[in-house]
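If you want the building blocks of each chain, they are given just below.
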Amino acid sequence: MLEAYLLDWLNLFLRFVHIITGIAWIGASFYFNWLENKIYRVGQRDGIAGSLWAIHGGGYYYLEKYQKYPESQPIKLHWFKWEAYSTWISGFLLLITIYYLNAETYLLYSDATIVVTPAHGVLLSVLGLVSGWLIYDGLCRSSLVRYPFYFLLVILALVPIFAYLYELVFSPKAVFIQLGAMIGTIMVANVFFVIMPVQRKLVQACDEKTPVSSELGLKGYQRSRHNNYFTLPVLLTMISGHYPHLYSTDYNYLVITVVFIVSVLVRHIFNLRGEGKPFGRTIIIAVVFLIAIIVAVMPKQNVYNPDIKVGFEQVREVLDKHCVSCHSANPTQAGFAKPPLGFMVHTDKLAKQGKKLIYQNTVMSRSMPLGNLTKMTDEERGVIRIWYESTLSN
Ligand code: HEC
């Protein structure tokens, strides 16, 4: 019990750090991409690629971008890397504390097509993080990277493949987090393995006054631009856990792909707008994809049949068997010091109050019982369904 309680604090701490560092990283990334889009490039002095004026927080700012490097090394040069590293480190620790240490509950799924041991589940997850980067990096080194549109298509084609494979083993919610973690890892690896070395070379060239090839800067810029497009899909996967209607469909791998497409398009709209290019067509494409996904995952109509009756005792039995071990004032399930999200069903009054949430989570999304640990059957879900739908028709 004490262990579960302390883990809850650790979880809160890590999540808070992860969010703060993530905001710092993404904030900086958005800001520098915005600069790239907005700097004024016409009629600059020699060696200057562009400049811009801005006003913020009650002051004027003036900023210049150099084509290569300044005449002398600045005394203080600010780097942006720890935001990225600490976001990944805190994120990976979160993955360990939530998904790996409780792999059976959160990572795996007793209804999954392939049932594996927790250790194998963790191994598969880590392998995904590594292989995602290796594949992406390989593609970046191939000539495909010169054709951004086809490059994007290949990356997008990999999303449903990985999602489908993980869906065979992982819980639906974990599939989203896994894909988010894979792309997040690619983003950080871009910073660590490509962008930072490029910048170190640039600084060295500035010190030694040696020429730099334009390819060098381009390489860093390209990865930074990829990261920019990856940001929104990653953020979406990170909040997807709160939305069972997203992750609990029969074709999650398609949902996740379309969600990625829409968020990449949204990012693209902002970039086009920043560059002063037309973006109307991109908005239309994004909206079409969005509507398609909203329609595709729409829950089926109620199939309530007034002739079939279910008494509350039957509902009570199902809840006692499958839910109260976690959702009661004093959970008996190992690892739970308090009822998750404060949601409790151990008294009839509480169960009736929470009927809509019970229905949504067991019938519509089937996200509960967690990982279907207690192996709730379709008949039992049917009991909840008939009970809930009958209360609506009264
Ligand atoms: C092994 C523990 C466990 C079992 C068993 C379990 N749940 Fe949960 N439940 C959780 C956890 C953990 C969460 C929080 C998930 C999250 O943070 O997204 C949760 C969340 C919920 C929520 C969301 C509450 C909200 O405010 O959004 C509902 C509703 C719910 N469970 C209902 C049920 C029902 C009904 C059952 C039985 C059929 C059940 N749960 C069985 C652990 C469990």
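In what follows, the accompanying structure is described.

About the criteria used
- Residues numbered from 1 in each chain as written.
- Predicted model: local features only at pLDDT ≥ 70, side-chain atom pairs only at ≥ 80, totals over all residues.
- Heavy atoms only, no water.
- Helix = DSSP H or I, 4+ residues; strand = E, 2+ residues; numbered from the N terminus.
- Buried < 20%, exposed > 50% of the residue type's maximum accessible area, 1.4 Å probe, protein only.
- 1 Å grid on protein atoms, 1.4 Å probe; cavity = no way out; pocket = protein on both sides within 12 Å on 5 of 7 lines; lining within 4 Å.
- Points joined across faces, edges and corners; volume = space filled by probe spheres on them.
- Nonpolar A, V, L, I, M, F, W, Y, C, P; charged D, E, K, R; others polar.
- Donors = N, O, S within 2.8 Å, 3.2 Å for Na, K, Ca; no water.
- Tetrahedral: all angles 85-135°; square planar, octahedral: opposite > 155°, others 65-115°.

### Section: unusual backbone geometry
Reasoning step 1: Looking along the chain, the bond that leaves Met368 and enters Pro369 is cis, with omega of -10°.
Reasoning step 2: Considering the arrangement of structural elements, one finds Pro369 in the loop between helix 13 (355-364) and helix 14 (378-393).
Reasoning step 3: The phi dihedral of Lys209 falls on the positive side, at around 55°, and the residue is not glycine.
Reasoning step 4: Mapped onto the fold, Lys209 is located in the loop between helix 6 (172-208) and helix 7 (214-240).
Reasoning step 5: By relative accessible area, Lys209 is classed as partly exposed at 46%.
Reasoning step 6: The backbone of Lys375 sits at a positive phi, close to 55°, despite the residue not being glycine.
Reasoning step 7: Among the structural elements, Lys375 can be located in the loop between helix 13 and helix 14.

### Looking at the layout of surface pockets
Reasoning step 1: Within this model, the second largest pocket holds a volume of roughly 1900 Å³.
Reasoning step 2: Every residue lining the second largest pocket is counted, 50 residues in all, and those nearest its centre are Phe32, Glu36, Lys65, Gln199 and Leu202.
Reasoning step 3: Of all the secondary structure elements, the ones that give two or more residues to the lining of the second largest pocket are helix 1 (2-38), strand 2 (59-66), helix 2 (82-100), helix 6 and helix 7.
Reasoning step 4: Among the residues making up the lining of the second largest pocket, the classes are represented as 29 nonpolar, 13 polar and eight charged.

### Regarding the coordination of the iron atom of the ligand
Reasoning step 1: Protein coordination at the iron atom of the ligand: the donors are His327 (NE2) and Met368 (SD), at 2.0 to 2.2 Å from the metal.
Reasoning step 2: With six donor atoms in place around the iron atom of the ligand and angles of 87 to 178° between them, the coordination shape is octahedral. One end of the pair, His327, is in the loop between helix 11 (312-322) and helix 12 (348-353); the other, Met368, is in the loop between helix 13 and helix 14, and 41 residues separate them in sequence.
Reasoning step 3: Using a relative accessible area of 13% as the deciding quantity, one classes His327 as buried.
Reasoning step 4: A relative accessible area of 24% places Met368 in the partly exposed class.

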